[in-house]
Each structure stands twice: as structure tokens, then as C-alpha cells.
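# What the coordinates show
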Amino acid sequence: MKKLSLAKLNDFFAAIAAKQALYLPVNNKVGKADFTKWTAGTEMSKALNTVRSAKDFFFPQTENLMDFKMEGKNIEVIDSREECEDFVVFGVRACDAASFAILDSVYLVDPVDSYYKNRREHGTVVTMACGKPAETCFCGTFGIDAANPAGDVTVWEVADGYMLRANTEKGEALLAATADLLEAGDEKAVEAAQAKTREIMAKLPLAGLTFDGVGVGKTKELFDRPEWKTLSESCLGCGTCTFVCPTCQCYDVRDFDTGNGIKRFRCWDSCMYSDFTLMAHGNSRNSQVERFRQRFMHKLVYYPDRNNGTFGCVGCGRCLARCPISMNIVKVAKTLGGNK
Amino acid sequence: MQEMMKNRAYALLENGTVDRVLGWTRGEFAYDMTPAVFRNADEVKNGFVYNDFCAANLSKYLVKECRAGGKILVFLKPCDTYSFNQLLAEHRIKRDMIYVVGIECFGKADVEKIKEMGIEGITGITAKDGIYTVSTIYGDKAIKPADVMAERCLACKSKKHVVYDELIGNEGEVVEDCNRFDMVAKLEAMTPDERYEFWRGELSRCIRCNACRNICPACTCEQCIFDNPNSGVSQKAAVNSFEENMFHIIRAFHVAGRCTDCGECSRVCPQNIPLHLLNRKFIKDVNTFYGDYQAGEDPTAKPPLGKYEKNDIEPGEAGGAKE
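Notes on the structure follow.

### Considering the overall build of chain B
From N to C terminus, chain B includes 12 helices and 8 strands. The C-alpha atoms of chain B give a radius of gyration of 21 Å, which matches the 20 Å a tight globule of 323 residues would have. Dimensions of chain B, computed from C-alpha atoms along their principal axes, come out at roughly 60 × 50 × 45 Å. Out of the 323 residues belonging to chain B, those deemed buried represent 38%. Nonlocal contacts in chain B, meaning residues at least 24 apart in sequence, comprise 68% of its contacts between residues at least 6 apart.

Printed below as a string of C-alpha cells:
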């Protein structure tokens, strides 16, 4: 356990940023936190979480996959991949840190997604334990501990600074490279901070929420439930829930005509959209109730079915806070699971 | 208010005036009500909720509901009635399939503003004697509704219902000095470069979730051009900043002269982009160039951008940057 005094925080950021790009939550012009590249003078946000999740670092909203250049009847295929440079993301919360394992289970299994893997290998994740979780938080439902997040390094905020613990080789390397700014830390300060966070978590309205009524093997039981119609009735079919979600991982591949060639890119897609998985014959899900069901069945049943019961949700609460009509995974799981 | 609304819903369902009721249903917390359709008195009894956090404009749902057959009761706030009239004028909804109950509005609360006051861990909110008591896991806090009123309500243009079958509460007046164009005037006073910077700063946060478009009562195309894979501009991502800007600017042009300024676009934006300012600029320009016009005020009025008169302003006379 290491300790960084409050006075040395900026030196710590500067030391990291001198060697690689450093991103951390910073308040934007409307006072909401975004992951932003650190430069001298950048102030870290005090917000509980960022509006967009940390998945952007490994699975960006758009990325170029390859280029095609056309000359006469010849088409040249250009591999536009470049080796990613090392970077550090500081201040990732336990929920987002847990989402990386879910993204890994999709992108790092055969066939490995080289674009994603490249970023994962070059990224160092520094997580930060939550001090004051909000009423929309329910990471505990999935066994995630807001007071003890994963990541390469875990940071706890204490009265006069920060406590740091390396969890991986990458994390050890980061702390070794900044060793002259760190001192030995006391576990007790961390335990006190953790106890405080856990006490808050236990008092929040979603404490003790379980997703027992949904999960592995429930496809037949849940697929034709009449509640889907009422739950989805006022869904706008927008992509807000999908795009702020740290675990939503679907994408579309599109061609962008540059005039003398093609840029083939991929971009986030949303199962809430009318042209999601559009095929030559048309769309496989023609109504919003089917699209809505797909999103929640994927997270609550299909994904757990294939991943030893792990849900495709980490309880970050972004969809609870952001859905324009305030419909969300907690309401869905409670309605279907009879847990009210 | 909630009890009066429920009682009217029971009565109108009971006597067969309506088959369904469009309102709001309770949420997980004190502030996250969801628009919902109620099909019988029991559903109303168990689920119907109305309070200062029921902000959604329900008018657009009527496009879908009119196709379902039967007659539906809808509760509309004054600003929502302008959207309703505009949908009528555009033949998107059928008047005889809808029973409109206008509800008096004192302004809606924005929970984001409560949270911005540093109030965390909210477990309940109650309103009594003009004060909200916000219960949190750290204790209760008393706040004034005016301090957390939604931005759009601070510049409310009308407390008057322009259409209804019956009213609950008192009827209000059009608010003449609502100051809703103040920010537009500030933007107009900027240099083109400053204005470009302002909008890049805002629109660069866009994630193309389409919430603004999908909630918009003026956006009722059966298939939006941005959803048409053959259009070349389909919606899933902005390839570059040009597309990011143009999506919103094109949308603002498309609803120009039809946008009633209900403010739903800005309310639902997950990135807090003040999209309503684009629409307000067009509303202000229409007022300036064609005379005062409020979309939705009169469903039989000829829209200024939908008619031609010989003395209409010429593009060169409209002003703007001459660089």
C-alpha cells in the first residue's frame, strides 16, 4: 500500500503524463464529468461518475477498420491499423472497471478483435473507490464492491491524500515509475474509507436488490411475458441507454465514400434502433417491443446463459439517470422478477 | 392535483367516454415517472402518478395511440397543448379519438438541479406548502421549487391551454415577457467565430443517441432520413465534426416554423446540449421576418414558411454575416 499526499497529486499526474497520455474525469462546460486528457492545470472532477463510460477507451464510438483505394479496375486494401500508444485512465469507478471483463468476454475470445486488444494491452486502468455512491447505484447486485474496485491500480481518497494499491504488473510498473512521489501507506486508512462507503451503499434505496427472477435458463419463461408490452410502451427507441452503458458492445460496420476510395469504419450500434441488424430481407425485429426485449434479454438472460451466470450489467446507474422516459434495467428486472 | 386527475380518469373510463388514459406511472425513485397508458380503473388506481417531476410532453404518443383505435384521454400541460395543436394541423393525430384534459401547471422540477445543489442519496421528495422536502440517507433538506425549476419553465411562454375538452385547475395567460429569446440575442451578438466556438463546444458532446429527435413532437416522419441506410447520412455515428453539427442544424431547419418550443429536446439530451436554442433562433427569425407567429397556437393558421406572399422578405434582406 502506497500513499500520495494531496499536495503531490499534480506532480503525480505530471509524472505519468510525461511518459504517456493520461486521461481523468474533468468537468465539462455544463459541469458534468468527461474523461479528458490531462495537461498542466487540469483539475480532476469531484463528480461520482462520468456521463459516458470508460468503455470509450477500448471500444470507441467510431473507429476506422480499413481503407480501400480504387484506381481503374484495381482495388487496393489498406490495413489502417496502427500500434496504439501507452495510456493511463485514472479515476475509473468499480462499475466501469467490472465492465471491461464483460467487453473482454466478447472481444478477446476467438476470433480476437485486434483493434480492441491493441488498446487493452496499451491501457493502464487506475480505479478509484467511490466515496459517496448515489441512489442510482446498484453495483452490489452483481457482487461488485464500490469500495474495492479492480483495475491495474486501485486508489482510495482519504483525508489528506490518496492511498494506492497495485493489483497487476502494469500497476506495479506505474507505481514504480512514480515511486519518488509516494510514501508507505497504512491499510487502516483504506479500511476506514471502505467502511464508510459500504455503510452508504447499505443505506441506498437499491441496496439488497437482486436479479434472482431473471438470469440463466430463463429464456422460455421470460420471452413471451405480457409485461414487455407495457414496459416498452413509451420507449422512444433512442440510443441513450445503449450509448451511456459501459457494457453495451454492439457495433455496425459502414463504408464512408471519400470520393476516391472507401473508409470502412465501425460505430456503436443500438438494438433500440429500427435498422439494427438490418439484413437483405429486412429487419429481424420490426416493433419497438421486440427491440426493447432484445436489449434487456441480452443483458439479463442471453449473456448470463453464455457466461456462467454473469449479468451484462454492472449497476453503474447511468441508464437510470439518463433515459428520457425513465425506463431502465432495474424497473425491467423488478417487473419480470417479481421483486418489488 | 393527482387525485383530481385520477378521479376524472375513473369517471371518463367508467362512463365510456374514453377507453384508455395516457399519463405517468410511478418510478423507482421520487422523480423518475414514466409515461404510461392505463386501460382500466384498477391500472389507474395502482399506477397513476402526477407530480412536479412528470415533465414529459405526452402529445407525440398520440400519433401511435390514434392508430390503436378507440378513444384516449390525455393529460396536457399548457405547453403540451401547442404541440397537440401542431400535430392536429399536420394531420398526425385525430381530434375525435382524443379527449384532452388540460392541467394547470406551476412549472416542472428538474432533479438534476437538486443534485447540483449537492443533495445526494435521495430517498424521497414530497411537496407541501410551496416547499419540497427532499429526504436523503444523510437527512432531510427543504428546498424552494423556484430554485430547482426546469430551465424551460423559467422562460415559460404560456400558462394558457390552446386546446382542451376540460380543465383541471385554473386557466392561465400567455406570458408576454417570458424572456425566452435572451440567450438567442446573446448568440446573435457574438462574432461568427465566437458563435461557431459556442456551438462546437456544445455539439461536440453529442453522442448521436437521437433522443432529441425521437422525443420531438415535430419529428414524426415515418422514416427519418437519418435512419435510412440508403440515404448516405444514416444516424449511427457522426464520422466527423461536420456531421455532428449538421445533424442538429438540419433537424432544426426541418422543424422551423413547426417547433412550438416545448423544450423536450434539451430536457432529454443526456449531454445537456441546449438544443432548444437552435429552434428559438428560427422562431425569433420567423417572428422578425414574417410577423409574430406561435406554432400550435391556432391549428387553422397558415404557417409562415408554408405560404408565399409577394412582399415576403428576400434572402439578401435578412442580414446575417456578410463575410
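### Observations concerning the nonpolar core
Among the nonpolar cores identified, the biggest contains 158 residues, and Val89, Cys139 and Ala146 of chain A together with Leu73 and Val74 of chain B are the most heavily contacted of them. Residue contributions to this core peak at 6 residues, all from helix α9 (residues 288-306) of chain A.

### Here we look at the interface of chain A and chain B
Each partner contributes residues to the interface: chain A has 40 residues there, and chain B has 35 residues. Among the secondary structure elements, those contributing two or more residues to the side of chain A that touches chain B are α5 (187-203), α8 (240-244), β11 (251-257), β12 (261-268) and α11 (329-337) of chain A. Residue contributions to the side of chain A that touches chain B peak at 3 residues, all from α8 of chain A. Partitioning the side of chain A that touches chain B into residue classes produces 18 nonpolar, 10 polar and 12 charged.

### Re the packing of helix α7 (residues 182-189) of chain B against helix α12 (residues 276-290) of chain B
Residues and elements named next belong to chain B. Where α7 contacts α12, the axes come no closer than 9 Å and their chain directions differ by 85°. Viewed along their axes, α7 and α12 adopt a mutual orientation that is roughly perpendicular. In contact with Met183, Val184 and Leu187 of α7, α12 contributes Leu277, Arg280, Lys281 and Lys284. Taken together, the residues of the contact of α7 with α12 break down into 4 nonpolar, no polar and 3 charged.

### Considerations on the sheet that holds strand β2 (residues 21-27) of chain A
Two orientations exist for strands paired in a sheet by backbone hydrogen bonds: parallel and antiparallel. Residue and element names in this part refer to chain A. Spatially, 8 strands are ordered β3-β2-β6-β7-β8-β9-β1-β10 in an open sheet, and the strand pairing comes out mixed. The open sheet terminates on both sides in strands that have one partner only, identified here as β3 (33-37) and β10 (183-184). Sheet topology note: the strand β1 (residues 2-5)/β10 ladder contains 2 bridges and is antiparallel. Paired with Lys2 across the strands is Ala184, a residue of β10.

### Description of the sheet that holds β12 of chain A
All names here are of chain A. Strand order in the open sheet formed by 4 strands is β5-β4-β12-β11, and the pairing between neighbours is antiparallel. Only two strands of the sheet have a single neighbouring strand rather than two, namely β5 (74-79) and β11. Ignoring strand direction, the axes of neighbouring strands in this sheet form an average angle of 25°. Pairing geometry for strand β4 (residues 62-71) and β5, over 6 bridges, is antiparallel. Its bridge partner lying in β5, Met70 is registered against Ile75.

### Focus: unusual backbone geometry
Pro111 of chain A follows Asp110 of chain A through a cis peptide bond whose omega is -5°. Counting through the fold element by element, Pro111 of chain A comes out in the loop between α2 (94-107) and α3 (114-122). Although it is not a glycine, Asp129 of chain B sits at a positive phi angle of roughly 50°. Among the secondary structure elements, Asp129 of chain B is positioned in the loop between β5 (122-128) and β6 (131-136). In this structure Asp129 of chain B comes out as exposed when scored by C-beta crowding, with 5 C-beta atoms within 10 Å. Although it is not a glycine, Asp261 of chain B adopts a positive phi angle of roughly 70°. Looking at the secondary structure, you find Asp261 of chain B in the loop between α10 (241-255) and α11 (264-268).

Scoring rules and cut-offs
- Residues numbered from 1 in each chain as written.
- Chains lettered and ligands numbered in written order.
- Predicted model: local features only at pLDDT ≥ 70, side-chain atom pairs only at ≥ 80, totals over all residues.
- Helix = DSSP H or I, 4+ residues; strand = E, 2+ residues; numbered from the N terminus.
- Rg over C-alpha atoms; globule rule 2.2 N^0.38 Å.
- Buried ≥ 20, exposed ≤ 12 C-beta atoms within 10 Å, placed from the backbone.
- Contact = placed C-beta atoms within 7 Å.
- Core = buried A, V, L, I, M, F, W, Y, C linked by C-beta atoms within 7 Å.
- Nonpolar A, V, L, I, M, F, W, Y, C, P; charged D, E, K, R; others polar.
- Axes fitted to C-alpha atoms, helices over the stretch in contact; angles between N-to-C directions.
- Parallel < 35°, antiparallel > 145°, perpendicular 65-115°, else oblique.
- Pairing = 2+ DSSP bridges.

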